[in-house]
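Given next are the chains, with one letter for each unit.
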Amino acid sequence: APPISDEALRRLCASGVDEVAALAVYDAVRHNAFGLETPLLGVEHGAAFYETAAKLNHSCDPNCLSTRLGGNFALFAVAAIEEGSELFHSYLPPRLLVLPRRARRAHLHFPCRCSRCEAEPEEPPPPLAQLGWPAAHAATAEGHLVGRFSLLCAGGAPREVVAAGAGLLSNAPLVSTLRQRPLAALQVCLP
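Residues numbered from 1 in each chain as written. Predicted model: local features only at pLDDT ≥ 70, side-chain atom pairs only at ≥ 80, totals over all residues. Heavy atoms only, no water.

Side note on the pattern of salt bridges
- Applying the stated rule across the entire model yields 4 salt bridges.
- Note that E7 is salt-bridged to R10, the shortest N-O span being 2.6 Å. Residue E7 and its partner R10 are located together in helix α1 (residues 6-14), separated by 3 residues, close to a single helical turn.
- On the basis of relative accessibility, which here comes to 39%, the residue E7 falls in the partly exposed class.
- A salt bridge links E120 to R116; the shortest N-O distance between them is 2.7 Å.
- Among the ionic contacts, a cluster of salt bridges with common partners joins E7, R10 and R11. (Salt bridge = Lys/Arg side-chain N within 4 Å of Asp/Glu carboxyl O. Helix = DSSP H or I, 4+ residues; strand = E, 2+ residues; numbered from the N terminus. Buried < 20%, exposed > 50% of the residue type's maximum accessible area, 1.4 Å probe, protein only.)

Printed below as a string of structure tokens:
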């Protein structure tokens, strides 16, 4: 969320709210609210504040994933969690979690000290071109499979989408490419 606008702050203060208090509350909500977005398009359409969920800590290697279902917050375990262990979810969306440490850090309001960040070397990130599709990929058989899948996701019948997705996952060279190139994988997962 962007910093509060001068106009919004002026209106709050005109209604009798102290400027320091208004900025403190805005900052607390800004750093603890959860973005509401459409899952397939990734378009944000607002934010929500969930008091209990706001107490969850961040990890770039979370043991839980969260999603918003309607106006509700849902938390799902993605790893075995021992009784009494802390639950961690990511403050970053999945498309940013696949990036290297330096790129993830630019999207956090604090220095992350999670186990993944501590274990990753502090190297410059590879050029984005190395994370996406290889050159001339669209002209290959695998490129045609991905293109067909993306088109079907945009307007095909559900059976066709499922069949095309199965075709992608049964293609060993394509699966190998997707494992090595996280941005390419995200383009397939979030067409």
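Structural notes on the nonpolar core
- Of all hydrophobic cores here, the largest spans 9 residues; its members are C60, L92, L96, L97, L99, L108, C112, C114 and C117.
- Among the nonpolar cores identified, the runner-up in size contains 8 residues, and F149, L152, L174 and L178 belong to it. (Core = buried A, V, L, I, M, F, W, Y, C linked by side-chain atoms within 4.5 Å.)

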